[in-house]
Amino acid sequence: MSSPVQGKLPHLLQYALAAVVSAIILALAIYMFELQDWFSYFTYAFYITFLVLALRSWGERRGVLGMSYGQALGYATQMALIYSVIIAIWSV
């Protein structure tokens, strides 16, 4: 029988990749359509949206265990690390 808290890394990767893909699509659209640079700030909105969705999903997956503030902060930090590394690799 598996614990409901197993599989944190695949869960993080799923939402981080979704945020990265949306950010890359927006960056390509800005470049292709020669939009103003301030449109790039929407990548923050994508990241925050996917972060909130990931935290809610992970909290529901934990079930009765719930999630403390510290656990949510740790989860968000790990997602930020994954997101940043992937964006840095793509930017290079």
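Residues numbered from 1 in each chain as written. Predicted model: local features only at pLDDT ≥ 70, side-chain atom pairs only at ≥ 80, totals over all residues. Heavy atoms only, no water.

*Asks:* Give a detailed account of the packing of helix α1 (residues 8–32) against helix α2 (residues 42–62), specifying residues and quantitative values.
*Replies:* Between two packed helices, the angle of one axis relative to the other and the distance separating the axes together describe the packing. It is at 9 Å that the axes of α1 and α2 come closest, and there the two elements cross at 160 degrees. In this view, α1 runs roughly antiparallel relative to α2, as classed from their interaxial angle. For the element pair α1 and α2, the recorded crossing hand is right-handed. Of the residues in α2, those in contact with Lys8, His11, Tyr15, Ala18, Ala19, Ser22, Ala23 and Leu26 of α1 are Phe42, Thr43, Phe46, Tyr47, Phe50, Leu53, Ala54, Ser57, Trp58 and Arg61. Grouping the amino acids of the contact of α1 with α2 by side-chain chemistry returns twelve nonpolar, four polar and two charged. (Axes fitted to C-alpha atoms, helices over the stretch in contact; angles between N-to-C directions. Helix = DSSP H or I, 4+ residues; strand = E, 2+ residues; numbered from the N terminus. Parallel < 35°, antiparallel > 145°, perpendicular 65-115°, else oblique. Left-handed = near helix turned anticlockwise from the far one by under 90°. Contact = heavy atoms within 4.5 Å. Nonpolar A, V, L, I, M, F, W, Y, C, P; charged D, E, K, R; others polar.)

*Asks:* I'd like a rundown of the packing of aromatic side chains, residues and numbers included.
*Replies:* All told, the structure shown has six aromatic pairs when counted by the stated rule. An angle of 20 degrees between the planes, with centres 4.2 Å apart, marks the rings of Trp38 and Phe39 as stacked. Its relative accessible area of 23% is what places Phe39 among the partly exposed residues. Taking 5.9 Å as the distance between ring centres and 20 degrees as the angle between the ring planes, the aromatic pair formed by Trp58 and Tyr75 counts as stacked. With a gap of 17 residues between them, Trp58 in helix α2 and Tyr75 in helix α3 (residues 69–91) connect regions that are remote in the sequence. Under the relative-accessibility criterion, Tyr75 is labelled buried at 0%. (Phe/Tyr/Trp six-rings, centres within 6.5 Å; stacked < 30°, edge-to-face > 60°. Buried < 20%, exposed > 50% of the residue type's maximum accessible area, 1.4 Å probe, protein only.)

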